[in-house]
Amino acid sequence: MADRDPVPLPAEVRAKLAELELELSEGDITQKGYEKKRSKLIGAYFPQSPGMDPSTGQERRTPVTPSSSRYHRRRSSGSRDERYRSDVHTEAVQAALAKHKERKMAVPMPSKRRSLVVQTSMDAYTPPDTSSGSEGEGRGDEDEGGDGEEEDEEDGGGGGGGGGGGTSSSREGSISMEHWISRAIHGTSSTTTTSSTASSSSSSTRSGGSGAAAGGRLADVLAQHVHISAHHLRRHHHHHHHRHKTENHSAPPDVTSYTNNTANATADGIQVERAPGAGTAAQRQTPKYGNAELMETGDGVPVSSRVSAKIQQLVNTLKRPKRPPLREFFVDDFEELLEVQQPDPNQPKAEGAQMAAMQGEQLGVVTNWPPSLEAALQRWGTISPKAPCLTTMDTNGKPLYVLTYGKLWSRSVKVAYNLLHKLGTKQEPLVKPGDRVALVFPNNDPAAFMTAFYGCLLAEVVPVPIEVPLTRKDAGSQQIGFLLGSCGVTVALTSDACHKGLPKSPTGEIPQFKGWPKVLWFVAESKHLSKPPRDWFPHIKDANQDTAYIEYKTCKDGSVLGVTVMRIATLTHCQALTQSCSYTEAETIVNVLDFKKDVGLWHAILTSVMNMMHVISIPYALMKVNPLSWIQKVCQYKAKVACVKSRDMHWALVAHREQRDVNLSSLRMLVVADGSNPWSISSCDAFLNVFQTKGLKPEVICPCASSPEALTVAIRRPAEEGSTPPGRGVLSMQGLSHGVIRVDSEEKLSVLTLQDVGSVMPGGMMCAVRLEGVPQLCKTDEIGELCVCTVATGTSYYGLAGMTKNTFEVFPVCSNGTPISEFPFTRTGLLGFIGPAGLIFVAGKMDGLMVVGGRRHNADDIVATALAVEPMKFVYRGRIAVFSITVLHDERIVVAAEQRPDSTEEDSFQWMSRVLQAIDGIHQVGVYCLALVPSNTLPKTPLGGIHLSETKQLFLEGALHPCNVLMCPHTCVTNLPKPRQKQPEIGPASVMVGNLVSGKRIAQASGRDLGQIEDNDQFLFLSEVLQWRAQTTPDHVLYTLLNSRGTIASSLTCVQLHKRAEKIAAMLGERGHLQDGDHVALVYPPGIDLIVAFYGCLYAGCVPITVRPPHPQNIATTLPTVKMIVEVSRSVCVMTTQVINKLLRSKEASAAVDVRSWPPVLDTDDLPKKKPPLLHKPSNPDTLAYLDFSVSTTGMLAGVKMSHTATSAFCRSIKLQCELYPSREVAICLDPYCGLGFVLWCLCSVYSGHQSILIPPSELEVNPALWLSAVSQYKVRDTFCSYSVMELCTKGLGLQTDSLKSRGLDLSRVRTCVVVAEERPRIALTQSFSKLFKDLGLHPRAVSTSFGCRVNLAICLQPHRLGKLADQGTSGPDPTTVFVDMRALRHDRVRLVERGSPHSLPLMESGKILPGVRIIIANPETKGPMGESHLGEIWVHSGHNASGYFTVYGDEALQSDHFNSRLSFGDTQTVWARTGYLGFLRRTELTDASGERHDALYVVGALEEAMELRGMRYHPIDIETSVIRTHKSITECAVFTWTNLLVVVVELDGSEQEALDLVPLVTNVVLEEHYLIVGVVVVVDIGVIPINSRGEKQRMHLRDGFLADQLDPIYVAYNM
């Protein structure tokens, strides 16, 4: 960092500059004049930057080393988190942001419901209208606007553009930065012309903040969102802003169509747009990560693709076989390949020689060093008992207690005696030498801890110091419990105060903590202990190989391991520390660290006793109240040594307010315990800056590196005064991410400045080994894991032999494979290298390593970058966690930070978008998810740090409850499979051979023949059948309607129906003056009136259309549909009941539709008494019988024409399939308005004569048990329902099966329970229904499904014959379930897999094909027949196909295509109707009645519902199923696409606080299971997703509602 010094400006020039600044900000001078004068003033001192207009004299600044800037800088008011702040780093971040500062905020702000927003400005709700031309929106640099932080021009090096309001004192610092970054990132020559650089200097006109955004409709915002993500980080310089105004927002570019989302191409390398001619496209280089395919940038300019991609292409072509053999086309053994990150051929590789292991100095054993620590304690305790050993402080900073060596000795002996003799019985002591005991002491009581610790050593018992468990479910205390259990701990030593504070049960016992073994709590304070007898002495041995203590260590995944340290290792370690720190007897040392482990334990508990030193212990609680306390104690006690962490130095800086009486000249050594954290250097520098004037000598700061396994790895020795300051490594982050060391001189943006942590410990040897594979020595310019070989390390992970071997018994080898030493090395878990002069540099920890796309990033580095973006201003107390989660076979970076309680929505998004830019600019890595949580909500470790693994766990469980989330999967996920290229089909000639398509049977199947004609089958028309029944069986009951109580509301015999129908016909002729063939709309509730009106129309020769009546509570949305059907069907009159008639004319109705344009409405409640003169007999059986109108799930209204022939054929087919006779009873719980539901409700009973028990589904909302009770009560064998009915029963009766059973509900007589549907069978629902009601006697094979569609209302209908009927020859086989590979399905292939295999999807057969129906599977594009088990469109040929669409527009092409299609080859004569559904046929092993093998039809989904994304076909239901599984609070989900963005809407059953937890989970699961990136996640209340009467989701209605902003969502997240 100190490699070049800026030219110092003379004081008078500086003064003049300040004056100029003032003039400009006051508005006394124009921008232009200011620049001119300024460049004159400083022109002489700065070299011109190439490519800049000399007249403006923009200079390239060199970052200033902290020490040189110290003199002319006002100290900051502590508004930034200094712990992580090095000036060069902050500067780098500022620079990275300066790049983006003209850009509008590219993050569409998520919309949030009012209740979720704490206090925020109105504009937080409306996403910023990014198409507006105003300059000031979301500019990313009010960094430290006016807090005087970077007041002087020269230190500005790219600091934020000036103060908040309009008085920005626009400094060109940021401009030269820009220039610099464009070079850094693009490697282009500096062609940034003046026009584009100077533009930022007129920033003084900008308004601060992101001005109130125009609330565009959501659709616009979305459009822009797509637009933005494609042009992700384009610069809008307002000097040529007008050129962008023409950009068209209405047709956003297709984000998904390029090989790699274009967002990547542009976002990862930040492109600086140039003025025309200022640099051609060839100079832009694609960023160095991401895919190396030819990508287009947002403007459609191809980015020069790297040569390597071309070579790779060639290699791939060569690998390909010349021509696949024919069967290859049909063997589904393909795997959808995720892209593997290809190593970039240009990436830096290590080039140095192999490193040599580094030997530390001899450990000089001084004659008076004690033979063991206990011996040292005995010596000091007897020869100088009055010497102070430890002084503890209370929270006011007053000395609470002084422990002398004499007291420490006598008390430890007492503890040892009591441990060995007073626990258990004489015969069976509870603790024997060598046993492990837990030490549970609070942080404010080091004296009690110290006596207990030494008591254990004297008793030869192994202490395991752990944290105090505060509650039963503390973060991590469970894992501590596992450690205690595995160590066999049965006794826990604690202090009196701590024992009183532990949670107690009502009986006063301490409950067992979660995961803990049962322990005996033993208070080890001397007043509670018995005195040892005179003749009892502890046995003091020389240090040996026994375990001295076990230190706990928390791993990356949250598990806790115990590192065992031997007595000899402990002693040797103390000796090595004494030698390297030159400790002498009776020195005073101030300790702020945790004394239970790590550096605090080694210096303040162990080494201090060896040297009879006096420790001043500062508890954490005191530091919280008074961060300066440790400095005050150093002054007060004239301490020679202090042990601190960077955090303590940082806090002292923040709290430091010109303390007069601070004098640190007594310090000879300031041990920085976390000196190995790469960012500790900033705290050290800043601390030195401030306190050098207070007597702190620069050479006093001694960073050290340590790890639980290797103890102290290295420590910087206190240097002699005036010696040269230690060196610094300024390393390229880019290099580090590839594991190589590149000293970076040029590029100041993404560098890591490291300080050394001194040299190898005395008596040790150190080397660095490769991270993966064999522990081979690194090259000199390679980063590796540091390993040490010395006595003074841990020896094992307690009880884990395998892990121990990998960590404590490593034998590093040379490149030729020979070990470098016969002694084992210990891995330290630290990443680093051995620099010049044997200095050790640590660049990070193994635990913090995240490997993203083959590059290594350190969590600490990313934390630092995030904190350098407006540090303390936004992140609460600098509390930020960075970890990686694995999604789609790569690690993804997640940043979770606590935000200040007073921050607004606007602040958060400003900050988040800038953090993304900074991390992207500095580390060249994308952040997958940024989550902001309220202050103090991240799980804490006992000393107040962040508990990382727990945070990660909460994040993955969806329990972190963030208040803001920003996901950026589009930029991060670069390993998606390549979009599918459709293969050309094989020509017919090579394929057809007889009945085989390419070696497979053609996929075709048919139901059985319609057979011989029975007595009622000679009638061509239903009206004739009814007349015949009225004559032959007048009193036979055809219909029974039940009300919600389960009692009969009304019933209808053959003759009653005939008579009432005649009256209706008469009324139609008389009042309605209707002609033959006129259309009549029947608007009735489900019931008998509907049936009567239908046959009345047939008798009158009119064409009925059944229409669902408007819902009285919801007229506004339901009435328009009624009106539309009436109009589209060209109905000349409407028949209805009086109640509905009133409703149609009500005030609410007139608000919804134009009431005056209704055709005449007849109400049929009071019918005329007379018969019609003559019943109509249709002349031609092919004329219309009725029209069937239905709204499809995609929101299309389609009416189909049913002729008399088709209607009769349909009824006959159902009669045969279901074996319906007059003696049968059938229960129907369906909506009677369209499809099979209408046919079963109105037509089948008249045709077959069976009795239909009608149960309106709406009644089930009042009484969910109604349908099943009726089935049981009437002993029904066949029943029909819809999915919504089944769901109502499953949800509503789930807990009541026992009470229903006791009421005598019995379903054992049910042979068939058919779900009437027009979709893929919902296997989960039918299975849970069967399981649930199995106890009530429902046979598991009784439940089946039917399948129908618009062109043919029922293709399959599967009645299963059970029990006695099975041998009567009509038995249908069981419904079969197969498992198919979901990935193959996306490629329109069927690949059968085993149950439970990954990506498997269960599909249930859709029912047995009806008699008289033939189906074939055809390719929807080429119309060729498909082979068996191939996915294609289901085509149907049958007597009951509808005869066409009834539309006003008469779209002939569609008509003939859907109803009169022919195959392109093979059987080209048969006319088929296309169902519009994808499915496949599979011949099963089962045989049907005629002995034929049974062909099962599997329906996969509707073609119009399916979504084409990345060239693959997705069925919404599959994505929805995955999403619903991710979190317990998601009750329902619907997905749709919008301009190729996938939108996921989830219904939340839980508190609104959980809404944001769902965003990452939904994004993860869709990526993981479907390889798709979710564009928008919308969280809504229960019941928002519209569902039609058939229980199908109306995704298109939902989409329209979303785009029209009508959903009132709880939260909308836009994934970047």
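The structure we're discussing is the one just above.
The rules we used
- Residues numbered from 1 in each chain as written.
- Predicted model: local features only at pLDDT ≥ 70, side-chain atom pairs only at ≥ 80, totals over all residues.
- Heavy atoms only, no water.
- Salt bridge = Lys/Arg side-chain N within 4 Å of Asp/Glu carboxyl O.
- Buried < 20%, exposed > 50% of the residue type's maximum accessible area, 1.4 Å probe, protein only.
- Core = buried A, V, L, I, M, F, W, Y, C linked by side-chain atoms within 4.5 Å.
- Contact = heavy atoms within 4.5 Å.
- Helix = DSSP H or I, 4+ residues; strand = E, 2+ residues; numbered from the N terminus.
- Pairing = 2+ DSSP bridges.
- Axes fitted to C-alpha atoms, helices over the stretch in contact; angles between N-to-C directions.
- Expected span 1.5 Å × (residues − 1).
- Bend = angle between axes of the 7 residues up to and from the residue.

Taken as a whole, this structure holds 47 salt bridges when the rule is applied. The partner of D1381 in a salt bridge is R1383, with the nearest N and O atoms 3.3 Å apart. Just as D1381 is buried, R1383 falls in that class too. Here the salt bridges do not stand alone but share partners, grouping E1505, E1520, E1532, K1593 and R1595 into one network.

Here we take up the nonpolar core. In this structure, W911, V1523 and L1542 are the most contacted members of the largest nonpolar core, which totals 101 residues. Leave out the neighbours within four places in its chain, and L1542 touches M1507, L1509, I1519, V1535, F1536, T1537, V1566, L1572, I1573, V1574, G1575 and V1576. Y1095, I1214, L1497 and A1502 belong to the second-largest nonpolar core, a separate cluster that totals 90 residues.

Attention now goes to the pairing of strand β18 (residues 751-755). With 5 of its 5 residues buried, β18 lies for the most part within the structure. Neither face of β18 is exposed, since V751, T753 and Q755 on one face and L752 and L754 on the opposite face are all buried. Alignment of strand β17 (residues 728-732) against β18, held across 5 bridges, turns out to be antiparallel. Its bridge partner lying in β18, V730 is registered against T753.

On to the sheet that holds strand β7 (residues 491-494). Across the sheet, which stays open at both edges, the 4 strands sit in the order β6-β5-β7-β8 with parallel pairing between neighbours. Of all the strands in the sheet, the pair left with one neighbour each is β6 (462-466) and β8 (520-523). On average, each strand axis in the sheet is tilted by 30 degrees relative to the strand beside it, whichever way the strands run. The strands touched by helix α13 (residues 477-487) within the sheet are β5 (436-440) and β6, with β6 carrying the most contacts at an inclination of about 170 degrees.

What follows deals with helix α35 (residues 1235-1248). Between its terminal C-alpha atoms α35 stretches 18 Å, which fits the 20 Å expected from 14 residues at 1.5 Å a residue. A bend of about 40 degrees at C1242 is the largest found in α35. Counting buried residues along α35, 14 of its 14 residues qualify, which places the element largely inside the surrounding structure. In the segment just after α35, G1249 is the residue with positive phi, at about 85 degrees.

In this section: the environment of T1106. Within the fold, T1106 resides in strand β38 (residues 1103-1107). Residue classification places T1106 among the buried positions, given a relative accessible area of 6%. Placed 24 residues apart in sequence, T1106 and L1082 show a C-alpha to C-alpha distance of 4.8 Å. Other than its neighbours up to four places away in sequence, T1106 contacts L1082, L1090, L1187, P1232, Y1233 and F1238.

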